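# An overview of the molecular structure
Residue strings, one per chain:
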Amino acid sequence: MEKPKLTIDEMAVFCKRKGFVYPTSEIYGGIAGFYDFGHLGVELKNNIKNEWWKAFVQQREDIVGIDGSIITNPMVWKASGHVDGFTDVLVDCRKCGSRFRGDHLIEDKLKISTAGMSLDEIAKEISRHKIKCQKCGSELGEPKKFNLMFATNIGPMQASSSAAYLRPETAQVIFTNFKLVQENARLKLPFGIAQIGKAFRNEISPREFLFRMREFEQMEIEYFVHPEKQEDCPYIDEILDYELNVLSADMQKQKKKMQKMPIKECLNKKIIKTRWHAYWLATMHKWFADLGANPEHFRIRQHVKDELSHYALDTWDLEYEFPFGWKELQGLSNRTDFDLKQHMQHSKTDLSIFDEETKKKIIPHVICEPSQGVERAFLVFMFDAYNYDKKRDNVVLKLHPKLCPIKIGVFPLLSNKEDLVKKARDVYNELVKEWTCTFDLSGSIGRRYARADEIGVYACVTIDFDSLEDNSVTVRSRDTTEQIRVKIKELKEILRKFLDGEKLGKLGEKVE
Ligand code: GAP
């Protein structure tokens, strides 16, 4: 089995050809930074979100979920700091008017990290290295700050009094609902509030397909702890031996390479400062690995001092080795009590909670905010699942069974034999009650297997002439092409076990 390195453009072509992702409104020329998900893409995206929600909300007693609105009172964004500080550096071409992100111009030309560079430093680097327009080669204008929030108006007026913003992150709606959720769900510290939903950023240069979009989805948790009990992490033992590739701020300063180490070493050497931060980094990494991503393609990287957001005391990114380099997949920040305090001050509302032990009011700290873009997770699962099988001369998309857009394919061996087609339909009608299935009649059986492998169908069920006699069918594994013969009355139970991870060969008589 050979695994060629797909470029991001090749992945975009594959996703479009197979019905995963389309550039939006392409018949009108499209619009940069916006994408539509096709019939397979929507299933994969929903599966990713469902797995995340199950793992971090439904199967945990310490976390509850909410679903907030996209447009809020604009004061939310004043208080959060986004109105004043949510900016990137914009550079215009003096001649053709093309617009670029200052840090991207430097990264592309000098192949260096711009993490933490200020507006002035970016301006100096552009001038020092005589960086020109990437489109026409002309002089660039003065770099300036550009706010990334999408502005809109509420109601029929176009006045400043009706101005509002599309949310640039889901986090703030969690903070504004903090008190209501805490009281109504009767949450006791430590606890988390989670949300999955759309976020919008007017990116200066959206690029790399789904990596940098203007409309995307986030899966976020704000995890709150008692300000004086920031080290009490009851789950720490679960992950102490878990190993990660680590690149701390110090290692970056000393130009050292990432190093694989267990969490307990990161804590003992104070590379990761708090247990909770370590816990969430390992837990999020494990979530990806458990769903089939290759753990070696990940590392955790600490933000260097100048790179930290205005709200963050410490941030680690879970990074993935994309074809265009190591990039942020998920940000995990220690936001302290910054946000609750900001909202208390701006809304004049008490968001503190009563501590039964000390009989005092306290403002909880967000010890960690794991913030994951759904589309970046989508890319990771697609890249790690994509395999070109030389022997089959075909792509095999080895998605984890929990993520497969279509779990089972049902095929009559020959599509022009009425009795085979009818029996296959009956099987399909039964299976589709439980799983996403495809019923394919066109082309040879080999062609149908190949088509199914390419879109990640986990198992194929074939109905042949023997099936008419003995009510048995063939089940084929996508990953090994191994086949077994099973009775139709046992088919559901066997498929359930196979989708749960059991080896196909153990579930029935092998067919040579
Ligand atoms: N609440 C914190 C926050 O929003 P962030 O690092 O700006 O932090 C979190 O974003 C995650 O959202 C990123 O790690 C990434 O997965 C995703 N994300 C951010 N901007 C994105 C964009 N323009 N396109 C796609 N995903 C994006």
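The rules we used
- Residues numbered from 1 in each chain as written.
- Predicted model: local features only at pLDDT ≥ 70, side-chain atom pairs only at ≥ 80, totals over all residues.
- Heavy atoms only, no water.
- Helix = DSSP H or I, 4+ residues; strand = E, 2+ residues; numbered from the N terminus.
- Rg over C-alpha atoms; globule rule 2.2 N^0.38 Å.
- Buried < 20%, exposed > 50% of the residue type's maximum accessible area, 1.4 Å probe, protein only.
- Contact = heavy atoms within 4.5 Å.
- Areas by Shrake-Rupley, 256 points an atom, 1.4 Å probe, with all protein chains shown as cover.
- Lys, Arg positive; Asp, Glu negative; His and termini not counted.
- Charge placed at Lys NZ, Arg CZ, Asp CG, Glu CD.
- Phe/Tyr/Trp six-rings, centres within 6.5 Å; stacked < 30°, edge-to-face > 60°.
- Lys NZ or Arg CZ within 6 Å of the ring centre and 35° of its normal.
- Pairing = 2+ DSSP bridges.
- Axes fitted to C-alpha atoms, helices over the stretch in contact; angles between N-to-C directions.
- Salt bridge = Lys/Arg side-chain N within 4 Å of Asp/Glu carboxyl O.
- Near = heavy atom within 4 Å.
- Polar contact = N/O pair within 3.5 Å; in protein donor to acceptor, adjacent residues only side chain to side chain.
- Nonpolar A, V, L, I, M, F, W, Y, C, P; charged D, E, K, R; others polar.
- Patch = residues over 30% accessible without salt bridge, like charges linked within 9 Å, V, L, I, M, F, W, Y side chains within 5 Å.
- Expected span 1.5 Å × (residues − 1).
- Parallel < 35°, antiparallel > 145°, perpendicular 65-115°, else oblique.
- Left-handed = near helix turned anticlockwise from the far one by under 90°.

Quick look at the overall build of the protein now. The helix and strand inventory of the protein stands at 17 helices and 26 strands. Expected size for 512 residues packed as a compact globule is a radius of gyration near 24 Å; at 26 Å, the protein falls within 12% of this value. Summarising its shape, the C-alpha atoms of the protein cover approximately 75 × 65 × 55 Å along the three principal directions. Going through the 512 residues of the protein one by one, you find that 52% of them count as buried. For the protein, contacts bridging at least 24 residues in sequence account for 66% of all contacts bridging at least 6. Carbon and sulfur atoms make up 49% of the accessible area of the protein, which totals about 24,500 Å². The average position of the 80 basic charges and that of the 78 acidic charges among the side chains of the protein differ by 3 Å.

Attention now goes to the packing of aromatic side chains. Counted under the stated rule, the structure contains 29 aromatic pairs. Aromatic side chains Phe 211 and Phe 322 sit 5.2 Å apart centroid to centroid with 70° between the ring planes, which places their arrangement in the edge-to-face category. Of this pair, Phe 211 sits in the loop between strand S9 (191–200) and strand S10 (215–225) while Phe 322 sits in strand S14 (residues 314–322), and the two are 111 residues apart along the sequence. Centroid distance Tyr 223 to Trp 280: 5.5 Å. Interplanar angle 55°. Geometry classified as tilted. Of this pair, Tyr 223 sits in strand S10 while Trp 280 sits in helix H11 (residues 275–290); the two residues are 57 residues apart in sequence, bridging distant segments of the chain. Comparing Tyr 223 with Trp 280, the two get one shared label, buried. The side chain of Arg 60 reaches across the aromatic face of Tyr 235, ending 4.9 Å from its centre. Sitting above the plane of the Phe 439 ring, Arg 425 keeps its charged end 4.1 Å from the centroid.

What follows covers the sheet that holds strand S5 (residues 99–101). Pairing is antiparallel in the open sheet, where 3 strands are placed in the order S5-S4-S6. Two strands bound the open sheet, and with one partner strand each, they are S5 and strand S6 (144–147). Along the sheet, successive strands turn relative to each other by an average axial angle of 50°, direction set aside. Pairing geometry for strand S4 (residues 87–92) and S6, over 4 bridges, is antiparallel. Directly across from Thr 87, in S6, lies its bridge partner Asn 147. Docked against the sheet, helix H5 (residues 102–110) engages S4 and S5, running at close to 75° with respect to S5.

What the rule picks out here adds up to 51 salt bridges. Where Arg 299 meets Glu 319, a salt bridge forms, and the shortest distance between an N and an O atom there is 2.7 Å. With a gap of 20 residues between them, Arg 299 in strand S13 (residues 298–302) and Glu 319 in strand S14 connect regions that are remote in the sequence. Here Arg 299 falls in the buried class, since its relative accessible area comes to 13%. Across the pair Lys 422 and Asp 426 runs a salt bridge, and its minimum N-O distance is 3.1 Å. In this pair, Lys 422 and Asp 426 are both assigned in helix H14 (residues 418–431), 4 residues apart and thus about one turn of the helix distant. Bridged by salt links that share partners, the residues Glu 430, Lys 433, Glu 434, Lys 492, Glu 493 and Arg 496 form one connected network.

In the vicinity of the ligand there are 22 residues, among which Glu 169, Arg 201, Glu 220, Glu 328 and Leu 329 approach most closely. Contacts to the ligand include Gln 218, whose side-chain N or O atom sits 3.0 Å from an oxygen atom. Between a nitrogen atom of the ligand and a side-chain N or O atom of Glu 369, the distance comes to 2.8 Å. Burial of the ligand by the protein amounts to 91% of the accessible area it has alone, namely 550 Å². Residues of the shell around the ligand, tallied by class, amount to 7 nonpolar, 6 polar and 9 charged.

With that out of the way, let us pick up a nonpolar patch on the surface. A surface patch of nonpolar side chains, amounting to about 220 Å² of accessible area, comprises Ile 70, Ile 71 and Ile 154. By secondary structure assignment, the location of Ile 70 is in the loop between strand S3 (63–66) and helix H3 (75–80). For Ile 70, a relative accessible area of 30% translates into the label partly exposed.

Between the first and last C-alpha of helix H13 (residues 374–385) there are 16 Å, a value that for 12 residues agrees with the 16 Å anticipated at 1.5 Å per step. Within H13, 12 of the 12 residues are buried, which leaves it mostly tucked inside the rest of the structure. Turning to H13, its buried residues number three or more, namely Val 374, Glu 375, Arg 376, Ala 377, Phe 378, Leu 379, Val 380, Phe 381, Met 382, Phe 383, Asp 384 and Ala 385.

Moving on, we get to the packing of helix H2 (residues 41–58) against H11. Put simply, H2 and H11 touch, their axes get as near as 12 Å, and they point 140° apart. In terms of axis orientation, H2 runs oblique to H11. Judged by the sense of rotation from one axis to the other, the crossing of H2 with H11 is right-handed. For the pair formed by H2 and H11, the contact residues are Ile 48, Glu 51, Trp 52, Ala 55 and Phe 56 on the first element and Trp 280, Thr 283, Met 284 and Trp 287 on the second. Looking at side-chain class alone, the contact of H2 with H11 contains 7 nonpolar, 1 polar and 1 charged residues.

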